[in-house]
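Fold and geometry: a report
Each chain, written out:
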Amino acid sequence: MEGGCACGQVRYRLRSGPLFVHCCHCKDCQRQTGSAFVLNALIETDRVEVTGQTALFAMPTDSGRPHDVARCPGCGTAVWSHYGGLKALSFVRVGTLDDPTALRPDVHIYTRSKQPWIALPSGVPAFEAYYNSKTLWPAESLERRRAVLG
Ligand SMILES: [Zn+2]
Ligand SMILES: [Zn+2]
């Protein structure tokens, strides 16, 4: 899967499928995207081949844990984030894929603040706040995460 920013300065290729895909309806994501939710594909940073430089922006968070957003310095498009200071994991914004239909949410989170007109699909787990990845992620994804985060 390939993707990039609006101006083409930043291009990337995912060397494998993601670990898991989050649809986050929290207020921070709504504000930072200017939209109703964000779609993040979680993947090991070393599986993201990047052409071009990104600029990191530190976002204020309620939890106080760091959240850095990587943007194209030319057009400002946010291409991925690192949460909790974990640079080894990237949360790639699915909307920046050349084919954004390639990935669907595996889970909906922070539905307590989702916009009222959004009807969540049945069959996809949804949580009022965060969730326990150990019970939801495929074993292979948990293993991959262990390999990079220990
Ligand atoms: Zn750009
Ligand atoms: Zn969020």
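Residues numbered from 1 in each chain as written. Chains lettered and ligands numbered in written order. Predicted model: local features only at pLDDT ≥ 70, side-chain atom pairs only at ≥ 80, totals over all residues. Heavy atoms only, no water.

Let us look at helix H3 (residues 139–149). The complete set of buried residues in H3 reads Ser141, Leu142, Arg144 and Arg145. Down the axis of H3, the smallest arc covering the buried residues is 160°, so these residues share one side. For H3, exposure combined with an orientation more than 90 degrees from the buried face picks out Ala139, Glu140 and Ala147. Looking at the packing, one finds that the buried side of H3 touches strand S4 (38–44), strand S9 (89–93) and helix H2 (133–136). Residue glycine 150 follows H3 closely and has a positive phi angle near 80°. (Buried < 20%, exposed > 50% of the residue type's maximum accessible area, 1.4 Å probe, protein only. Helix = DSSP H or I, 4+ residues; strand = E, 2+ residues; numbered from the N terminus. Arc of directions from axis to C-beta. Contact = heavy atoms within 4.5 Å.)

Summarising the element assignment, serine 16 is placed in the loop between strand S2 (11–14) and strand S3 (20–24). A polar atom in the side chain of serine 16 sits 3.2 Å from the side chain of arginine 144. Serine 16 has contacts with Ile43, Arg47 and Arg144, leaving out every residue within four places of it along the chain. (Polar contact = N/O pair within 3.5 Å; in protein donor to acceptor, adjacent residues only side chain to side chain.)

Function cannot be read off these values alone, since they describe shape.
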